[in-house]
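Read off the chains here:
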Amino acid sequence: MLEKLSVVENRYQELERLLGDPAVIGDRKEFTRLSREHSGMSELVHLYRDWKRLASEERDLAGLLDDADGEMREMARTELPELRERKVALEERLKILLVPKDPNDDRSVILEIRAGTGGDEAGLFASDLFRMYSRYAELRGWRVEVLHSSATGIGGFKEVFCSIDGTGAYSRLKFEAGVHRVQRVPATEASGRIHTSAVTVAVLPEADEVDVAIEEKDLRVDVYRSSGPGGQSVNTTDSAVRITHLPTGLVVTCQDEKSQHKNKSKALKILRSRLLERAQEEQRSAVAESRRSMVGTGDRSERIRTYNFPQNRVTDHRINLTTHALEKILDGEIDGLIEPLLTHQRAEALRVEA
């Protein structure tokens, strides 16, 4: 472990030198890449330096145990246990930080929520989930911006895409990708029967312009008039934008803004993140099992969670976690679900490393 930490510290010092190099500063893409690498090492390096300081203090105190001065020996005997306890705690934290980190963890995210099976009830639950994530972002001080939405007309969404901007957003929200199932009596159900509906959630790391180069010649941009529920026109100008990325066939539409320019900007934001996800998925596939996610596959077709309203129960199927705090969870208090998933992922990663 100490050998790995020494290598990391040397790289950290090299990055500090490179980030001060005028040639690197002038290369935006390289400077951004190195800055991210430097930032990702910062906590590990500072904790390692704290550990080295404690190790030095431990050696000094241990040397005093043989000191002829009885008062100095007593001081060393008193302080050594606490110091060693702090040193062991630091070692455990360092082991966790040494596990290879997801390079996307510090990024903001593009969240895509789509109603699945269940008709109008699925659309209403898509709206509930959007509110849940919006409240969670608010609690953590992150900024939410709707990029695209398609309403059902009864307060639900066929789909809603948003960006959630905040350092570390992806590290926590990545566990939300998959199928969310809801069991409840719809407001429109006269007989009181419980319906089961589903909503899919995709969580994409937000891409910067330096991450994904998109050339105009690779795009087909179509403009048209925005429409609301039922297909009625809600705008008198051709402000809605549909972008097709010709090399991949990916299509993104955006119609929330009255400005064609703003809709195009938002559509490109979504497209850029989808292209980054595709490129990274190809890289993950190339190295298969060694880079496999520790908690589920993250695939949007995988059922990850059930929200049961009659029993006030939420169950995460990946780690068999059940809680009876559905109302709080839907109000954005989802750390009680995310933290156990993080702990499980770290434990699995440590086991694989060992």
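Details of the structure are given in the entry above.
Residues numbered from 1 in each chain as written. Predicted model: local features only at pLDDT ≥ 70, side-chain atom pairs only at ≥ 80, totals over all residues. Heavy atoms only, no water.

Along the backbone of the protein there are nine helices and eleven strands. Each of the 354 residues in the protein was classed as buried or not, and the buried ones make up 40%. Accessible surface, the protein: about 18900 Å² in total, of which carbon and sulfur atoms supply 49%. (Helix = DSSP H or I, 4+ residues; strand = E, 2+ residues; numbered from the N terminus. Buried < 20%, exposed > 50% of the residue type's maximum accessible area, 1.4 Å probe, protein only. Areas by Shrake-Rupley, 256 points an atom, 1.4 Å probe, with all protein chains shown as cover.)

So, about the sheet that holds strand β2 (residues 143-151). One open sheet accounts for eight strands, arranged β2-β3-β1-β5-β4-β9-β10-β11; its pairing is mixed. In the strand order of this sheet, the two ends are held by β2 and β11 (321-323), each with one partner. Between one strand and the next, the sheet's axes are offset by a mean angle of 15°, whatever the strand orientation. Of the strand pairs in this sheet, strand β1 (residues 109-115) and strand β3 (residues 157-165) are connected by six bridges, and their pairing is antiparallel. Each bridged residue has a counterpart across the sheet, and for R114 the counterpart in β3 is E159. (Pairing = 2+ DSSP bridges. Axes fitted to C-alpha atoms, helices over the stretch in contact; angles between N-to-C directions.)

Another point: the packing of aromatic side chains. Note on aromatic pairs: each is described by the distance of the centres and the angle between the planes. Applying the stated criterion across every chain yields a total of four aromatic pairs. Here F125 and Y307 contribute two aromatic rings whose centre-to-centre distance is 5.1 Å and whose plane-to-plane angle is 65°, an arrangement assigned as edge-to-face. Of this pair, F125 sits in helix α5 (residues 120-139) while Y307 sits in strand β9 (residues 303-308), and the two are 182 residues apart along the sequence. Ring geometry for F130 and F157: centres 5.9 Å apart, planes at 80°, overall edge-to-face. With F130 in helix α5 and F157 in strand β3, this residue pair connects regions lying 27 residues apart in the sequence. Since its relative accessible area comes to 17%, F157 is described here as buried. In this structure, R184 is placed above the aromatic ring of F309, and the distance from its NZ or CZ to the ring centre is 4.7 Å. (Phe/Tyr/Trp six-rings, centres within 6.5 Å; stacked < 30°, edge-to-face > 60°. Lys NZ or Arg CZ within 6 Å of the ring centre and 35° of its normal.)

For E176, the position within the fold is in the loop between α6 (169-173) and β4 (178-184). On the accessibility criterion, E176 (0% relative accessible area) is buried. Here the side chain of E176 touches Y133 through a polar contact of 2.7 Å, side chain to side chain. Apart from residues no more than four positions distant in its own chain, E176 is found in contact with M132, Y133, V201, V203, I304, R305 and I338. (Polar contact = N/O pair within 3.5 Å; in protein donor to acceptor, adjacent residues only side chain to side chain. Contact = heavy atoms within 4.5 Å.)

Turning our attention to the pattern of salt bridges. Evaluation of the coordinates by the stated rule reveals 37 salt bridges. In this structure, E112 engages R114 in a salt bridge whose closest nitrogen and oxygen atoms are separated by 3.1 Å. Look at E112 and you get buried, because its relative accessible area is 1%. On the basis of relative accessibility, which here comes to 22%, the residue R114 falls in the partly exposed class. K269 is paired through a salt bridge with E145; the nearest N and O atoms lie 3.8 Å apart. Of the two residues, K269 is situated in helix α7 (residues 260-287) and E145 in strand β2; the sequence distance between them amounts to 124 residues. Exposure remark for K269: the relative accessible area of 17% places this residue in the buried category. Among the charged side chains, a salt-bridge network with shared partners connects E145, E206, E257, K266 and K269. (Salt bridge = Lys/Arg side-chain N within 4 Å of Asp/Glu carboxyl O.)

Moving on, we get to the sheet that holds strand β8 (residues 250-254). As summarised here, the arrangement of the three strands in space is β6-β7-β8, forming an open sheet in which the pairing is antiparallel. Both edges of this open sheet fall to β6 (219-224) and β8, since each of them pairs with a single strand only. Averaged over neighbouring strand pairs, the angle between their axes works out to 15° when direction is ignored. Summarising the sheet, β6 and strand β7 (residues 240-245) pair through six bridges and their orientation is antiparallel.

Look at N312: it is not a glycine, yet its phi comes out positive at around 50°. Tracing the chain through its elements places N312 in the loop between β9 and β10 (313-316). The phi dihedral of N320 falls on the positive side, at around 55°, and the residue is not glycine. Checked against the element boundaries, N320 lands in the loop between β10 and β11.

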